2 protein chains.
Amino acid sequence: MTQSLVGGFEPPYYTAVFTAIRPDAPEGYAETAATLHALVRDIPGFLGYESAGTPGGIGITVAYFRDLEGLTAWQHHPEHLEAKRRGRAEWYDSYRVHIGKVERTYGFDRDRD
Amino acid sequence: MTQSLVGGFEPPYYTAVFTAIRPDAPEGYAETAATLHALVRDIPGFLGYESAGTPGGIGITVAYFRDLEGLTAWQHHPEHLEAKRRGRAEWYDSYRVHIGKVERTYGFDRDRD
């Protein structure tokens, strides 16, 4: 799988860490997730997101924003609010959101010949 | 699977978001991860961690600390430093670390009858 990690931004920037427990493929979830992933790209200051999910375990999504204004705009987006409402009603057993200001970042990339 | 999410802490607190791309089960990785997961519990101010990994995709680990002192102590722990050195030499194709101060948090738990 060819892919690359989100990152390389100059601090400060903001992360929304979303952790969740839910059934593996509840009805309507995948369609809503695809819609939201398309919509968030239009938010000013959106830098990217990453998701990982262990089958049968928890899921973690991290969304990166340049500033708190963009992150807040996304939190209040009508389709996002509706998805969260449906998520609480139908999909999630539990979730947590941690909104943080990133003060330091670093990384590593293996050299390729 | 019975499990619960990390959270419910009063801000401010700190998160280290670690995102990585690596082969699924490189030699020595699981043993080192288990050792580190035991050691980090002794760090003052350590609040918990969560990991999720999509098979064939990326892995995300979030570690939670009460303060930056605890987080920094863990970053400089000798066995953690050695694991990171080995990770760069042998395991990871790439990784990113984002260290943030959490300013706001909320969550949801489904009511159980």
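Residue positions within a chain follow its written sequence, with the count starting from 1. To read the labels, note that chains go from A and ligands from 1, taken in the order they are written. Restriction of local features to residues with pLDDT of at least 70 applies here, the model being predicted, together with a cutoff of 80 or more for giving and counting side-chain atom pairs; totals for whole chains, interfaces and linings are based on all residues. In computing side-chain properties, one takes all heavy atoms of the structure into account and sets aside hydrogens as well as water.

A. Just the overall build of chain A, in detail. The helix and strand labels rest on DSSP assignments: H or I over at least four residues marks a helix, E over at least two residues marks a strand, and numbering proceeds from the N terminus. For chain A, the count of helices and strands is 3 helices and 4 strands. For chain A, the succession of helices and strands along the chain, N to C, is β-α-β-β-α-α-β. With the C-alpha coordinates aligned to their principal axes, the bounding extent of chain A is approximately 45 × 35 × 20 Å. Taken across its 113 residues, chain A has 43% of its residues classed as buried. Between two residues, a contact is recorded if the distance between any of their heavy atoms is within 4.5 Å. A sequence separation of at least 24 residues applies to 75% of the contacts in chain A between residues at least 6 apart. Accessible areas in this description were obtained via Shrake-Rupley with a 1.4 Å probe; residue shielding takes into account the shown protein chains only. Accessible surface, chain A as shown: approximately 5900 Å² in total, 52% of it carbon and sulfur. Only protein chains enter the area calculation, which uses a 1.4 Å probe; residues under 20% of their type maximum are buried, those over 50% are exposed, and those in between are partly exposed.

B. Structural context of the packing of aromatic side chains. Stacked, edge-to-face and tilted are the three classes for Phe, Tyr and Trp ring pairs, Trp counted by its six-membered ring, which pair at centre distances within 6.5 Å; planes under 30 degrees apart are stacked, over 60 edge-to-face, the rest tilted. Inspection of every chain in the model, using the stated rule, returns 20 aromatic pairs over all chains. Taken together, a centroid distance of 5.4 Å and an interplanar angle of 90° make the contact between B:Tyr29 and B:Trp91 edge-to-face. Taken together, the residues B:Tyr29 in helix H1 (residues 29–39) and B:Trp91 in helix H3 (residues 78–91) connect sequence positions 62 residues apart. An aromatic cluster of three or more residues is present, and its members are A:Phe18, A:Tyr29, A:Trp91, A:Tyr92, A:Tyr95 and B:Phe108. Against the face of A:Tyr29 rests A:Arg22, its NZ or CZ located 3.8 Å from the ring centre. Here, over-ring charges are defined by two tests on the NZ atom of lysine or the CZ atom of arginine: distance to the ring centre within 6 Å, and angle to the ring normal within 35 degrees.

C. Representation of the relation of the copies chain B and chain A within the structure. What sets the superposition is a least-squares fit of C-alpha atoms, and only residues with pLDDT of at least 70 in both copies go into it. Each copy of the sequence occupies a distinct position, and chain B is placed on chain A by a rotation of 180° and an axial shift of 0.0 Å, giving an RMSD of 0.0 Å. Taken together, these values place the two copies in the relation of a two-fold axis. Mapped onto chain A, 100% of the interface residues of chain B again fall at the interface, so both copies present the same surface.

D. Examining the UniProt feature "domain: ABM" (unreviewed entry) in chain A more closely. Here the UniProt-annotated "domain: ABM" (unreviewed entry) positions come out as residues 18–85 of chain A. Secondary structure across residues 18–85 of chain A divides into 40% helix and 28% strand, with the first and last C-alpha atoms of the span separated by 15 Å. UniProt positions are given in the numbering used here, feature names are shortened, and annotations may be inferred rather than shown by experiment.

E. The arrangement of unusual backbone geometry in detail. Put simply, A:Pro11 and A:Pro12 share a cis peptide bond, and its omega is 0°. With respect to the helices and strands, the residue A:Pro12 is situated in the segment before strand S1 (13–21).

F. Just the interface of chain B and chain A, in detail. Facing the 54 residues of chain B at the interface are 54 residues of chain A. Here the quantity called buried area is the accessible surface, traced with a 1.4 Å probe, that two parts lose on coming together, added over both. Counting each side, the surface lost to burial between chain B and chain A is near 4600 Å², with a carbon and sulfur contribution of 52%. On the chain B side of the interface with chain A, the three residues burying the most area are B:Leu5, B:Tyr106 and B:Phe108, jointly 16% of the side's total. Here a salt bridge means any side-chain nitrogen of Lys or Arg lying within 4 Å of a carboxyl oxygen belonging to Asp or Glu. A salt bridge links B:Arg110 to A:Asp93; the nearest nitrogen and oxygen atoms lie 4.0 Å apart.

G. Highlighting the nonpolar core. Within the largest apolar cluster, 24 residues are counted, with the highest numbers of intra-cluster contacts made by A:Ile60 and B:Ile60. Residue assignment for this core shows that the elements contributing at least two residues are S1 and strand S3 (59–65) of chain A together with strand S1 (13–21) and strand S3 (59–65) of chain B. What is meant by a nonpolar core is a set of buried Ala, Val, Leu, Ile, Met, Phe, Trp, Tyr and Cys residues, joined one to another through side-chain atoms within 4.5 Å.

H. How the structure looks around the sheet that holds strand S2 (residues 46–53) of chain A. One open sheet accounts for 8 strands, arranged S2(A)-S3(A)-S1(A)-S4(A)-S4(B)-S1(B)-S3(B)-S2(B); its pairing is antiparallel. Lying at the two open borders of the sheet, with one neighbouring strand each, are S2 of chain A together with strand S2 (46–53) of chain B. Taken over all neighbouring pairs, the strand axes of this sheet differ in orientation by 25° on average, direction set aside. At least two bridges found by DSSP between two strands is the condition for calling them paired. Each axis is a line fitted through C-alpha atoms, taken for helices only over the stretch in contact, and angles between the N-to-C directions span 0 to 180 degrees.

I. Region of interest: the packing of H1(B) against H3(B). All names here are of chain B. At their nearest, the axes of H1 and H3 sit 11 Å apart, and the two run at 155° to each other. Of the possible angle classes, the one that applies to H1 and H3 is roughly antiparallel. Between H1 and H3 the crossing geometry is left-handed. Residues Tyr29, Thr32, Thr35, Leu36 and Leu39 of H1 form the contact with H3, whose participating residues are Glu79, His80, Ala83, Arg86 and Trp91. By definition in this entry, angles of less than 35 degrees are roughly parallel, angles greater than 145 are roughly antiparallel, angles of 65 to 115 are roughly perpendicular, and the rest are oblique. Two helices cross in a left-handed way if the nearer one is turned anticlockwise from the farther one by less than a right angle. They cross in a right-handed way if the turn is clockwise.

J. Fine view of the environment of A:Thr35. With respect to the helices and strands, A:Thr35 occurs in helix H1 (residues 29–39). Remark: the alpha-carbon pair of A:Thr35 and A:Phe46, spanning 11 residues in sequence, is separated by 16 Å.

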